[in-house]
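# Descriptive structure summary
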Amino acid sequence: MAKRVLTTESGAPVADNQNSATAGVGGPILLQDQHLLEKLARFNRERIPERVVHARGSGAYGYFEVTDDVTGFTSADFLSSVGKRTETFLRFSTVADSLGGADAVRDPRGFALKFYTDEGNYDLVGNNTPVFFIKDPIKFPDFIHSQKRDPFTGKQEPDNVWDFWAHAPEATHQVTWLMGDRGIPASYRHMNGYGSHTYQWTNAEGEAFFVKYHFKTNQGVRSLSADQAAELVGKDANSHQTDLLQAIERGVNPSWTLHVQVMPAAEAADYRFNPFDLTKVWPHSDYPLQRVGRLVLDRNPDNVFAEVEQAAFSPNNFVPGIGPSPDKMLQGRLFAYADAHRYRLGVNHTHLPVNAPRTAVVDNYGRDGLHATRNGSRQDKNYEPNSYAGPAQTGAALAAPLAIHGWTGTHEAPAHTKDDDFFQAGELFRLMSEDEKGRLVANIAGGLSQVTRDDVIEKNLAHFHAADADYGKRVEEAVRALRED
């Protein structure tokens, strides 16, 4: 086998990769040592801005296979027939910590899935919880600032975390999820994934439905207690990455079963909860789960930076038959996700292999910019309309139109009959066993008792009391006991 030759970036062979060129033996290094300068300059630029949220991530390739007929609800081609398979890439992540953070921490987990469909890439960006802390994107930067490292102390501060939640009562439902048993998954393989947002499906006849995605792990849900997690972090801060990598390498391919809840569009206006409120769920008794297919992960990335760190997901990457809903958080993310990647990776990040469509042909008038690789030939024009046989619009909308009415302005979301910030948090608490309730209360009290301001503690306690009298009483007693120690 021929020996591979080390080269410079321009392809010239490298004579010596162990010693820099100097002015004589022991003399100063020469500016003309192109190989040295190139290596140092590249090294200085090997890192890109990390994600503001979801920085710490792991990922794997796989496929999605349709197992049940859903053509009555959507005309999406990748869901068009039982047995059809579509290549996928799934990125898991923690939300609040930096790229160097630990895996086994109490934090929501990102569940970002890219379908490489024949009609273009479809990105489904969700979490391992069906709800979120806030319902309006204008509050998102403030929420994340409260969870990130404090500008003065340089670490996450309970005062900041709980102060924001004290003034965001809609967070009570998600706080109950986060502080409960599922707040620290045992691994990425042993947690569910949710689209979280409400999306629109449209069938071939133009009928519109609102849907929620539920990916149920086939490995079974397994979680860690706070003590187990602390021990695991001390042994392997990369525990979830290690587990996912090793499982796939030894052929134990994790899988999830996709179910959806389907609501006819006409039922949304009068539903007892606002169906577009990200802090709410649709009870399964109202809209049962309907099975769609199976997601399997069977291949690890060859390069974490190229394929996990540079993987870019945007919920505005839809395909025909799937579109957005009036979910305000989703509406904000339609812009924010793509814009984050334009900042981190450049305007041509969709040209990168992990982000580029597999079978769909990309044909548009986007030109130039950093790292452009699809600028066309001399015959291709960069404007439209034109008379040079360039790509033209189809006139076919991806999803059904939604009727709107009223005045522009900064409106609160419309209230439905059961809409409040606490009812569903109380329902979740009442579903728990006594042991689960005890761990939930201990986890909340452990953080809330560290808050230095009494008024912030009282505001948060009021939220738990409003959710359920017993819930509030237990948390209040546990916080008092810890503060008196």
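Let us look at the structure shown here. What you see is a predicted model, and the numbers here were worked out from it, not measured in a lab. (Residues numbered from 1 in each chain as written. Predicted model: local features only at pLDDT ≥ 70, side-chain atom pairs only at ≥ 80, totals over all residues. Heavy atoms only, no water.)

## Comments concerning the overall build of the chain
To keep things clear, this is the line we draw: A run of DSSP states H or I qualifies as a helix once it reaches four residues; a run of E qualifies as a strand once it reaches two. Both are numbered from the N-terminal end. Here the globule rule reads 2.2 Å times residues to the power 0.38, and the radius of gyration is calculated from C-alpha atoms. Per-residue accessibility, obtained with a 1.4 Å probe over protein chains only, is compared with the maximum for each type, and a residue is labelled buried under 20%, exposed over 50%, and partly exposed between these values. In this analysis, two residues are considered to be in contact whenever any of their non-hydrogen atoms come within 4.5 Å of each other. Accessible surface area values rest on a Shrake-Rupley calculation with a 1.4 Å probe, where residue burial reflects the displayed protein chains alone. His is not counted here, nor are the chain ends, while Lys and Arg score as positive and Asp and Glu score as negative. By convention, the charge on Lys lies at NZ, on Arg at CZ, on Asp at CG and on Glu at CD.
Helix and strand content of the chain: twelve helices and ten strands. The globule rule puts the C-alpha radius of gyration for 485 residues at 23 Å, and the 25 Å found for the chain is close to it. Taking the principal axes of its C-alpha atoms as reference, the chain extends roughly 80 × 65 × 50 Å. Considering the chain as a whole, with its 485 residues, one finds that 46% of them fall into the buried category. Taking all contacts inside the chain whose residues are at least 6 apart in sequence as the whole, residues at least 24 apart take part in 73%. In the structure as shown, the chain presents an accessible area of about 24600 Å², 53% of it carried by carbon and sulfur atoms. Placing the 50 positive and 63 negative side-chain charges of the chain at their respective mean positions leaves the two points 4 Å apart.

## Here we look at the environment of T172
Of note, T172 is situated in helix α4 (residues 172-179). Residues T172 and D421 lie 249 residues apart in sequence; the distance between their C-alpha atoms is 6.9 Å. With residues near it in sequence (within four places) discarded, T172 still touches D421, F422, A425, H463, F464 and A467.

## Focus: empty space enclosed by the protein
The gaps of empty space that remain are located by a probe, the size of a water molecule, rolled over the atoms. The line we're drawing: Only protein atoms enter the 1 Å grid, on which a cavity is a set of points fitting a 1.4 Å probe that cannot get out and a pocket is an open set with protein on both sides within 12 Å along at least 5 of 7 lines, lining residues being those with an atom within 4 Å of a point. Grid points are joined across faces, edges and corners, and a volume is the space filled by probe spheres set on the points.
What the rule picks out here adds up to five cavities of 30 Å³ or more. Every residue along the wall of the largest cavity is listed here: N128, R182, P185, H190, M191, N192, Y194, V221, R222 and S223.

## As for the nonpolar core
We count it as follows: Residues belong to a common nonpolar core when they are buried Ala, Val, Leu, Ile, Met, Phe, Trp, Tyr or Cys residues joined through side-chain atoms within 4.5 Å.
Ranked by internal contacts, the top residues of the largest apolar core, which has 41 residues, are F133, W162, W165, L448 and V475. At the level of secondary structure, the elements contributing two or more residues to this core comprise α2 (140-147), α3 (158-166), α4, α9 (423-431), α10 (434-448), α11 (454-467) and α12 (469-484). Those residues within four positions of V475 in sequence are excluded, and the remaining contacts are V441, I444, L448, L461 and F464. Formed by 36 residues, the second largest nonpolar core is a distinct cluster that contains F92, F111, F209 and L330.

## Description of the environment of Q261
Secondary-structure assignment places Q261 in strand β8 (residues 255-264). Residue Q261 is classed as buried on the basis of its relative accessible area of 1%. A sequence separation of 28 residues divides Q261 from L289, and the C-alpha atoms of the two residues are 5.1 Å apart. Among all residues touching Q261, those that are not within four sequence positions of it are F210, V211, K212, H214, W282, P283, H284, Y287, P288 and L289.

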